[in-house]
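These are the residues of each chain, in order.
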Amino acid sequence: MVIREAVVVVTNFLQYKKILRSLVAIICAFSVLPSFAAVLPDERVDVLEHQYEGGGIQVSGPSILVRKSIGKSVSVTANYYVDMVSSASIDVLASASRYSEERKQKSVGMDYMHDRTTYSLSYTTSDENDYKAKTYNLGVAQSFFGDLTTLSFGFSFGQDVVGRNIKGVPDPDFHLDKEQRHYSLDLSQIVTRNLIAEVSLESGSEACIGMKEGESCLNNPYRGYSYLHNGARALAPEKYPLTHNSDAGSLRAIYHLPYSASVRADVRRYTDSWGVTATNAELRYIHDFKKDFLLEAKYRVYSQSKADFYSDLFPYKDAQNFMARDKELSPFSSKTFGLGLTYKFPWTMPGFDKSTANLYWDHMTMNYDDFRDYANFAKVKTPDGGYKAGEEPLYSLDADVIRFYLSFWF
């Protein structure tokens with residue numbers, strides 16, 4: 001497989017999809033506390049604009065979410081979300097040219113409350129010119145012991161179609177089918193009047209459907225692995241397993257301070273069938289100034305090991321059954337610092353009970369322990385004639401995520 005010029009690289013969303021999806025999650029779950037008793041969400045409208053910039057990638061776009069109650073037992077929601085991407089990332093520089101892409105995501109959902117139980121259903125579609133996805137979600141939450149304890153179960157099923165572009169035009173002969181399943185179990189407990197704790201367990205799987213020999217739907221169809229050939233780097237198509245299983249567990253707690261503020265702590269551990277283990281921890285401080293402002297500050301650290309079949313530079317072509325050079329499967333660590341400010345408008349807009357303006361900024365630093373920046377340094381001359389293959393400087397990046405949204409309650 002030859003990596004074509006001006007391609008649309010799916011792998012950038014593999015790196016940043018958690019970031020991008022979290023932007024939608026922010027406007028879907030505005031409370032700083034977990035959900036407990038069976039209470040329908042507030043009726044509201046949220047309009048968001050987000051921007052990501054880092055590692056040669058720029059992502060921006062709008063989102064709008066509407067939530068409306070029907071009677072006292074049903075709440076419906078709809079969301080429209082757009083990513084507009086311009087990229088000259090390290091993956092692109094290694095084998096292609098800058099590209100532009102647009103992804104549109106639509107979702108609808110419904111919550112039904114009966115006594116102390118809440119049932120949730122939702123359906124999401126995501127559409128790019130070389131990647132299409134459909135996801136179905138089901139959730140059940142039950143509160144116990146005077147609403148002090150809440151047990152929640154979630155299940156999602158996804159059907160994706162992986163495509164490929166050639167010089168910006170979809171390849172009609174290339175489409176790979178993928179299925180995803182994800183399970184979650186959460187137990188939330190009000191421990192004291194000031195302390196809330198939650199334990200979460202997650203399990204997920206991805207599988208390629210109807211693949212031919214040598215195919216896989218779990219890797220980027222444009223990216224190749226790097227191997228040593230005549231003292232220089234050469235590229236060949238990546239080779240991935242047909243399945244991927246993962247498990248994670250997390251613990252979080254929120255403590256209300258004696259004044260109008262709270263502290264939230266999160267710890268999460270992740271493992272998968274590809275040999276990757278990861279740990280992240282986050283500390284968040286929220287201060288309510290009562291009248292008009294809510295201030296939030298957070299700090300997050302993350303680290304992971306490499307996948308069993310990852311290498312920055314393989315010794316020769318077809319060195320093993322599976323081979324990858326995706327930097328998100330390499331060992332790396334990151335740090336994130338974030339600030340957020342919410343302003344409650346002192347006046348009431350016609351047709352709404354209250355409204356707020358919300359601005360959030362995150363700065364991320366990522367350092368890769370075994371991914372070298374040969375795309376930028378392969379031609380850099382040094383006193384001894386240049387960098388040898390496998391001795392180029394290690395890659396790192398800084399990125400900023402900005403989200404601004406307006407919320408209206410009615």
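Just above sits the structure.
One structure accompanies this document, and this report is about it.

**A few points about the overall build of the chain**
Line of reasoning, step 1. Helices and strands together make up the secondary structure of the chain, namely 3 helices and 20 strands.
Line of reasoning, step 2. Long-range contacts, defined here as pairs at least 24 residues apart, represent 62% of the contacts in the chain between residues at least 6 apart.
Line of reasoning, step 3. Of the accessible surface of the chain, which amounts to about 20,700 Å², a share of 58% is contributed by carbon and sulfur atoms.

**Re the pairing of strand β12 (residues 224-229)**
Looking down a regular strand, the side chains alternate between one sheet face and the other.
Line of reasoning, step 1. Relative to strand β13 (residues 232-237), β12 is paired through 6 bridges, and the arrangement is antiparallel. Its bridge partner lying in β13, Ser226 is registered against Leu235.
Line of reasoning, step 2. Connecting β12 to the antiparallel partner β13 that follows it, the hairpin turn spans 2 residues, and Asn230 within it adopts a positive phi of roughly 55°.

**Digging into the nonpolar core**
Line of reasoning, step 1. Counting 35 residues, the largest nonpolar core has Tyr52, Cys217, Tyr240, Trp274, Leu329, Tyr368 and Leu397 as its most contacted members.
Line of reasoning, step 2. Only β2 (57-70), β6 (131-144), β19 (354-372) and β20 (394-409) provide two or more residues apiece to this core.
Line of reasoning, step 3. Residue contacts for Leu329: discarding those within four places in its chain leaves Tyr240, Trp274, Gln304, Ser305, Lys306, Ala307, Phe309, Tyr310 and Ala324.
Line of reasoning, step 4. Of all hydrophobic cores here, the second largest spans 6 residues; its members include Tyr225, Tyr227, Ala236 and Met323.

**A word on the packing of aromatic side chains**
Line of reasoning, step 1. One pass over the structure, following the stated rule, counts 23 aromatic pairs.
Line of reasoning, step 2. Note on Tyr123 and Tyr136: the rings are 5.1 Å apart at their centroids and 40° apart in plane angle, and the pair reads as tilted. Of the two residues, Tyr123 is situated in strand β5 (residues 117-128) and Tyr136 in strand β6; the sequence distance between them amounts to 13 residues.
Line of reasoning, step 3. Exposure remark for Tyr123: the relative accessible area of 28% places this residue in the partly exposed category.

**Remarks on the state of the cysteines**
Line of reasoning, step 1. All chains considered together, the criterion is met by 1 disulfide.
Line of reasoning, step 2. Sulfur-sulfur distance for the disulfide between Cys208 and Cys217 comes to 2.3 Å. Where Cys208 bonds to Cys217 through sulfur, the torsion about that S-S bond is close to -100°, and the disulfide is left-handed. Here Cys208 matches Cys217 in class, with each residue buried.

**Some remarks on unusual backbone geometry**
Line of reasoning, step 1. Its identity as a non-glycine residue notwithstanding, Asp115 has a phi of 55°, on the positive side.
Line of reasoning, step 2. Within the secondary structure, Asp115 is located in the loop between β4 (99-114) and β5.
Line of reasoning, step 3. Given a relative accessible area of 65%, Asp115 falls into the exposed group.
Line of reasoning, step 4. Its identity is not glycine, yet Asn230 carries a phi of approximately 55°, on the positive side.
Line of reasoning, step 5. For Asn230, the location among the structural elements is in the loop between β12 and β13.

**Side note on the side chain of Ser200**
Line of reasoning, step 1. Looking at the element boundaries, Ser200 is found in strand β11 (residues 195-209).
Line of reasoning, step 2. Side-chain polar atoms of Ser200 contact the side chain of Asp186, separated by 2.4 Å.
Line of reasoning, step 3. At 3.1 Å, the side chain of Ser200 and the side chain of Arg252 are in polar contact.
Line of reasoning, step 4. Those residues in contact with Ser200 that sit more than four places away from it in its chain are Leu185, Asp186, Ala248, Gly249, Ser250 and Arg252.

**Observations regarding the pairing of strand β7 (residues 149-162)**
Line of reasoning, step 1. Looking at chain direction, β6 and β7 are connected through 14 bridges and run antiparallel. Note on β7: the bridge partner recorded for Ala141 is Ser152.
Line of reasoning, step 2. Hairpin connection from β6 to β7: 4 residues lie between these consecutive antiparallel strands, with Phe145 at a positive phi of about 50°.
Line of reasoning, step 3. For β7 and strand β10 (residues 176-190), the ladder comprises 14 bridges, and the chain directions are antiparallel. Bridging across to β10, Val161 finds its partner in Asp177.

**Describing the pattern of salt bridges**
It is possible for side chains bearing opposite charge to pair when their charged atoms get close.
Line of reasoning, step 1. One pass over the full model with this rule turns up 25 salt bridges.
Line of reasoning, step 2. For Glu198, the salt bridge identified is with Arg252, shortest N-O distance 2.3 Å. Taken together, the positions of Glu198 in strand β11 and Arg252 in strand β14 (residues 243-256) put the pair 54 residues apart, joining distant regions of the chain. For the pair shown, Glu198 and Arg252 are each scored as buried.
Line of reasoning, step 3. For Asp266, the salt bridge identified is with Arg252, shortest N-O distance 3.0 Å. On the criterion of sequence distance, the pair formed by Asp266 in strand β15 (residues 261-272) and Arg252 in strand β14 is long-range, its members being 14 residues apart. A single burial state applies to Asp266 and to Arg252, both of which are buried.
Line of reasoning, step 4. Three or more residues joined by partner-sharing salt bridges are found here, namely Glu198, Arg252, Arg264 and Asp266.

Rules used in this analysis
- Residues numbered from 1 in each chain as written.
- Predicted model: local features only at pLDDT ≥ 70, side-chain atom pairs only at ≥ 80, totals over all residues.
- Heavy atoms only, no water.
- Helix = DSSP H or I, 4+ residues; strand = E, 2+ residues; numbered from the N terminus.
- Contact = heavy atoms within 4.5 Å.
- Areas by Shrake-Rupley, 256 points an atom, 1.4 Å probe, with all protein chains shown as cover.
- Pairing = 2+ DSSP bridges.
- Core = buried A, V, L, I, M, F, W, Y, C linked by side-chain atoms within 4.5 Å.
- Buried < 20%, exposed > 50% of the residue type's maximum accessible area, 1.4 Å probe, protein only.
- Phe/Tyr/Trp six-rings, centres within 6.5 Å; stacked < 30°, edge-to-face > 60°.
- Disulfide = S-S within 2.5 Å.
- Polar contact = N/O pair within 3.5 Å; in protein donor to acceptor, adjacent residues only side chain to side chain.
- Salt bridge = Lys/Arg side-chain N within 4 Å of Asp/Glu carboxyl O.

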